[in-house]
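What follows is the residue order along each chain.
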Amino acid sequence: MIVGFVQDDSKYFDVEAQREALVSYADERKIKDLKVVNVVNTQDILSQRIKSGDTIVIPNISLLGNTLEQIVSSIKQLSECRVYIYSIKENLAIDTYNQQTLANCFDTCLTAYKGIFSLRNSKIQSDLLKAGKPRGCLNNARKGKFILSGREEEVKKYIKAGYSYAQIAEKLGCNPSNVLYFAKYLGLKKTRANSTNPVIRAKHKLDGFKQEIIELFNSGISVAQIARHCGVCYATARDYLNRLGLIIANGDAHA
């Protein structure tokens with residue numbers, strides 16, 4: 001028996017697209033007795049009455065799980081029935097009836113991983129397009145193509161003013177990594193804190209305790225005690241004292 005499965009709530013393909021994939025598969029192989037079964041999740045596939053020698057056809061690897069561990073676990077359970085599994089999108093064929101070599105098993109797992117990774121990436125890109133958000137691409141960046149192309153002057157202005165990449169990204173409506181790669185491409189560097197245009201820092205959670213912290217530190221209270229007093233961890237207190245110029249990066253007090 002040849003069974004094709006369609007998942008009702010697939011994250012990656014609607015039901016009609018899955019059915020079309022199964023129909024095309026059957027037409028190409030001249031299969032007339034392909035049985036199509038609707039399932040809600042992977043567990044429904046695993047609970048089907050499948051006999052040894054049957055063939056399972058799925059539109060894409062996500063029907064066997066959304067992580068590599070889930071996919072491998074599903075294949076392991078189906079192998080107990082000794083069936084043939086074929087995933088259309090990845091062109092992945094798994095014969096659980098015959099013993100595979102260790103190398104083939106690794107190849108199968110790698111193909112499955114690439115399949116689910118590709119589906120996730122396609123879903124992310126599709127969601128960005130629907131939301132009308134720009135998409136970045138490192139391959140395009142290597143060719144000198146950026147989503148910020150044409151906005152060089154704006155980027156230069158913000159970097160010169162001392163804004164962080166995150167702040168610039170928020171103003172330009174893109175991802176901080178887009179600003180980073182674009183700035184590198186233009187040969188721009190962020191303004192350092194000791195330059196004529198100091199970096200604009202984000203608000204710190206301890207800003208409300210600023211004067212109290214300065215007084216505590218000057219009275220000889222340790223960083224650890226200040227951290228406990230303010231209800232934060234040692235690293236947070238040390239970072240804030242460093243921002244205030246009271247200590248240097250390694251925790252020693254300035255002379």
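Analysis parameters
- Residues numbered from 1 in each chain as written.
- Predicted model: local features only at pLDDT ≥ 70, side-chain atom pairs only at ≥ 80, totals over all residues.
- Heavy atoms only, no water.
- Core = buried A, V, L, I, M, F, W, Y, C linked by side-chain atoms within 4.5 Å.
- Buried < 20%, exposed > 50% of the residue type's maximum accessible area, 1.4 Å probe, protein only.
- Helix = DSSP H or I, 4+ residues; strand = E, 2+ residues; numbered from the N terminus.
- Contact = heavy atoms within 4.5 Å.
- pLDDT = per-residue confidence, 0-100.

Asker: Residues and numbers for the nonpolar core, please.
Answerer: Buried together is how nonpolar side chains tend to be arranged in soluble globular proteins. Phe5, Ile56, Ile61, Leu64, Ile71 and Leu78 are the most contacted members of the largest nonpolar core, which has 22 residues in total. For this core, the secondary structure elements donating two or more residues are strand 1 (2–7), strand 2 (34–39), helix 2 (42–46), strand 3 (55–58), helix 3 (68–79), strand 5 (92–95) and helix 4 (102–130). If near-sequence neighbours (up to four positions away) are discounted, Leu64 is found in contact with Thr42, Ile58, Gln70, Ile71, Ser74, Ile75, Leu78 and Ile85. Val223, Ala227, Val232 and Tyr240 belong to the second-largest nonpolar core, a separate cluster that totals 14 residues.

Asker: Got a sec to walk through unusual backbone geometry? Specific residues and values, please.
Answerer: Phi is positive for Lys30, which is not a glycine, with a value near 55 degrees. When you line up the elements, Lys30 lands in the loop between helix 1 (15–28) and strand 2. By relative accessible area, Lys30 is classed as exposed at 71%. Even without glycine at this site, Asn91 takes up a positive phi of about 55 degrees. We classify Asn91 as exposed; its relative accessible area is 56%.

Asker: Quick one: what's the story with the confidence of the model for the protein, residue by residue and with numbers?
Answerer: Across the protein, pLDDT averages 77, with 76% of residues at or above 70. When mean pLDDT is taken per element in the protein, strand 3 scores highest with 91 and helix 5 (residues 138–142) scores lowest with 47. Confidence drops under pLDDT 50 across residues 137–143; counting only partners more than four residues distant or on other chains, this segment forms 3 contacts. Below a pLDDT of 50 lies the segment residues 193–200, which in the model reaches 16 contacts outside its immediate sequence neighbourhood of four places, other chains included.

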